[in-house]
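Coordinates in review
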Amino acid sequence: MGRSYFVDEAVEEYLGGLQAAPGSCVTGLLAGQSSPQRDFVVLAVQTPHRESEGQPKASKGVSPLDDIDVEWVTEHAKQVSRMLPGGLCILGLFLVTPPELSKDAQNALKRLIFAMDKYITKGRLWELSEEDVTDRVTLHICSKTKKLVCKSFDVKDPKSSAKPADWKYQTGVSSSWPMLTCSVEVDLQIPVTGSSSDNTDKCMKDGLRRWAKQIEAACCLINGRQALDDSEFISGQKKNPKTTNRQTLPARIIVSDEQSELDERSSALVQVCSGSMKVRGVVHCRAYIHNNKPKARHAAQAIKRDIINTVCSRVEMFLEDLLINEGSQKGLCSGQQALPRRVFAPMPISGLSVCDYMFPDESTADVAERLKEMLDCETPEEGIDTSLESNQLFSAVSGSEITNSRDDDSNKHVISEIQDGTPKIQKAPQYYAGVAVAAAIALLATATSLLYFS
Amino acid sequence: MVHSEERDIIFRLKGILEFACQLENPNGAQSQGTISKSFQGLRSKVSSKNIVLTVCNSPILIWPNTGFRSNVESLMEASSCGDILQYIESDDSGSKKSSKKKDKKKSGPTAVNMKLLFEVTEPAGNEAPSLIRVSTQQHCVKMPLPLDCVLSVSTDESLATVCTGLVEALNKQLADMEEVVLRYRKGSSFLVPQPFHFQLPEPAGFTTVIYPAGVPDSQLQAAREDLHRRFKLPSDRPYLRRANAFHFPDAAYKDGYLRNPHIHLNPPNIEDAKLYLVQGVYSYHHYMQDRVDDDGWGCAYRSLQTICSWFQQQGYVETAVPTHTQIQQALVDVGDKEPRFVGSRQWIGSIEVQAVLDQLLGVTSKIMFVSQGSELATKGRELANHFQTEGTPVMIGGGVLAHTILGVAWSENTGQIRFLILDPHYTGGEDLQTITDKGWCGWKGPEFWDQNAYYNLCLPQRPKTI
């Protein structure tokens, strides 16, 4: 029983417009939403061009298929998955090859799809549930005949073989998908034991994991009703491809402080720490739900996962560039640093939004550039919504003890406020050329750090 | 508390709040201030608009600090709190609360369990997150505070009043917990403050006391003396030991024994008679329990177990109810029996019961001797006095049987008497219906006793202690 992929016509257009140099291959991602019965594909993006160091591309005897930079493809997948709001994920890969390579294409796709899934899911803070669909689609397109071969692999099973799948084009696949939104206040206190950067990472991961469990177990209200069971998630709007009104449904998350592993103790847990980390602020979250009879708890799950992902992604991004900056010195600096804030932009045609993370010294122009590179789409700067999360305010750090209460007026001095109109930091020319995007952010963050630690 | 036609409701709000603080120097002078500040933060948290109260087993969610909001439209500020009951799904197989009322003579208020939750959405601002790092050596203290507040109201009290009352109770409990945490703290060693609820005689009424976890009752004598003074409690019997904590009507006993089966009985219909019953709580121990087949020989042991359970649950002892083997061993230890007694199926009588109570529990008992069973009918006054002053279950042995007397119905004028008997010879399961219907716990007349046999009664005396 194969899977059925319902694909938006915009994707068809995009795939049709792909240009491949004669004899070479084009790889790319397919993104959308899975449901137990069928899958929906709403976005296709080719892997961005990576400028090589100038060496000749394929030496004799090496097939362009073997030349595919798996690392680059998976890195692109990871960057794009960070840009997708809740409910959406990378559903698979496509590969355009010339006719002579078609027969080896399947193997290449299989390698890629497993590598990609492994890389994307590394460091994820939530576990897949029984009902999550673990099939990923591979689409092979012959550059000459334009013939499509669509298969799926169960990425949970490394030994799985390709299963046949249906690829059907439709208009407005996601046009009436309701959007859940919420703003979540995050206030985490994470003790740090040990002083190496590995320790800091591990402590941060542990702290975030505990918080993620709390969110997963939380009660979720969508539009005022508890979303906890198999009842149909009634979005209240009949599916009408003609309307472009997308319903926005507020979600509310209610947690309890239950921590069963500490329940039986008769005394407090005391750790001697070399320091602590607090993550504090408000994150804006979004999730889309398909409208093919979704269940209420799946809707709740989608928004909860977005909440967890957005906090996790930001911290990851921040620590990634910190590692490049400070190296082994990490953990010795005190102070408050802004985590990147989330901005949203509309995806072409489908109207779903994608997101990106803006470091404090960046501007919407930087975001637009990234969207162009990662998602291969032009976004006008005015279309980028930066209003959902506001810039961070900075409190005075008195000695080494930061007060717990943010409302303690006596301690709050706004000593610097980063304005939107800060002059753009001149980007180093290597930004686009063959350097992983994470490292690029690091360069900007270096400037950021200098600003804060003065 | 006035019991009117309206049944009272006890609202019980439980929740875990994590207490966290960082101490640079746990033994330093500043640490107390830091701890207090953390508690202050928690008090702000429960007074904030983010707290949500949910009624267990129901879809009800209430935001008490936002001018009362609820997700159930028909529940509003002015609604009477009794309206909540209809939304609660009861766990009992099929029987709803209303039919239960008709069944047995069961008094007592309804308990409504609530949980404390926090909303993390709808924040006050929308400032994007920051990472704040502190790099000084410090002790990170984390402790889950087991909040447990109780509010007893009549069913027509408004929901708004109930919610305000509960939030106030949370605040007060945090303040009490802070006091206990500070008092019992040693450097960086913190004891978890645990709430216990007690139903005390007026004027104190329903009261909650915080005790530090891990400190046994025996070491909290001074704290109890202080509380006895404050609440004007008699100083010769325990009211505030952990075992004396109020047992909520809906909470099941984890050990599976039935408690006080006698309260489900109708008193005998004797003109002019007063009831003199056992005070407090005991467990029903009988044949075949705990996988011990003592059918035919263990009845006195079981009666003794019932008595021990009474002393444990009134807070006089912390030791568990003894097994047959432990009872036998105690008799060997005091020299009353040979070592080979242990593991045997030999009967014991009132004298042995008295000896074991003394040896294992430190409890003294009076022995009453009756030369003929028919004479028991004349012992009304003594038994009435016993139940009034001591209120402990009585073990009676004679003929070939042992029983437990839980009370008497006695008329001072006519001398008519009935005995409330708990029969240890029952071999079935913990089925209240069977036990009361078939008279395994029931009122018996004087003809119940073997009129010609002699009987010994063991009347345990309450130790004078708090």
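Everything numeric in this text was worked out from a predicted model, so none of it was measured.

Regarding the domain arrangement of chain A
One widely used convention gives an interface's size as the accessible area the parts lose upon coming together. Residue and element names in this part refer to chain A. Assigned domains within chain A: domain 1 (4–52 + 63–170) and domain 2 (179–235 + 246–259 + 271–383). The C-alpha centroid of domain 2 is placed 25 Å from the C-alpha centroid of domain 1. Counting residues at the interface gives 32 residues for domain 1 and 39 residues for domain 2. Around 3,000 Å² of area is buried between domain 1 and domain 2 when both sides are counted, 59% of it from carbon and sulfur atoms. Ranking the residues of domain 1 by area buried against domain 2 places Arg82, Met83 and Leu125 at the top, with a combined share of 28%. Summed over the shared surface of domain 1 and domain 2, the number is four salt bridges. In this structure, glutamate 316 and arginine 82 form a salt bridge, with 2.7 Å as the shortest nitrogen-oxygen distance. At the junction of domain 1 with domain 2, the criterion picks out 15 residue pairs in polar contact (both at pLDDT 80 or more). Residue assignment for the side of domain 1 that touches domain 2 shows that the elements contributing at least two residues are helix 1 (9–16), strand 3 (39–46) and helix 2 (70–83). Along the lines of polarity and charge, the residues of the side of domain 1 that touches domain 2 split into 15 nonpolar, ten polar and seven charged.

Considering the sheet that holds strand 4 (residues 89–97) of chain A
All names here are of chain A. With respect to topology, seven strands assemble into a closed barrel ordered 1-3-2-4-5-6-7, the strand pairing being mixed. Going across the sheet, the axis of each strand differs from the next one's by a mean of 35°, ignoring polarity. In terms of strand pairing, strand 2 (residues 26–34) meets strand 4 through seven bridges, oriented antiparallel. Of the residues in strand 4, the one forming a bridge with threonine 27 is leucine 95. In the packing of helix 3 (residues 102–121) onto the sheet, contacts are made with strand 2, strand 4, strand 5 (135–142) and strand 6 (148–154), and the angle to strand 4 comes to roughly 155°.

Here's the deal with the interface of chain A and chain B
Each partner contributes to the interface: chain A provides 71 residues, whereas chain B provides 51 residues. The junction of chain A with chain B conceals about 5,500 Å² of combined surface from both sides, 51% of it contributed by carbon and sulfur atoms. Where chain A meets chain B, there are one salt bridge. Close ionic contact of Glu119(B) with Arg252(A) constitutes a salt bridge, the shortest N to O distance being 2.7 Å. Linking chain A with chain B are 28 residue pairs in polar contact (both at pLDDT 80 or more), by the criterion used here. When residues of the side of chain A that touches chain B are traced back to their parent elements, those giving at least two are strand 8 (179–192), helix 4 (197–216), strand 9 (219–222), strand 11 (248–255), strand 12 (269–273), strand 13 (275–288), helix 5 (296–326) and strand 14 (335–338) of chain A.

Conventions adopted
Residues numbered from 1 in each chain as written. Chains lettered and ligands numbered in written order. Predicted model: local features only at pLDDT ≥ 70, side-chain atom pairs only at ≥ 80, totals over all residues. Heavy atoms only, no water. Domains from an automatic or database assignment. Contact = heavy atoms within 4.5 Å. Buried area = accessible area lost by both parts, 1.4 Å probe. Salt bridge = Lys/Arg side-chain N within 4 Å of Asp/Glu carboxyl O. Polar contact = N/O pair within 3.5 Å; in protein donor to acceptor, adjacent residues only side chain to side chain. Helix = DSSP H or I, 4+ residues; strand = E, 2+ residues; numbered from the N terminus. Nonpolar A, V, L, I, M, F, W, Y, C, P; charged D, E, K, R; others polar. Pairing = 2+ DSSP bridges. Axes fitted to C-alpha atoms, helices over the stretch in contact; angles between N-to-C directions.

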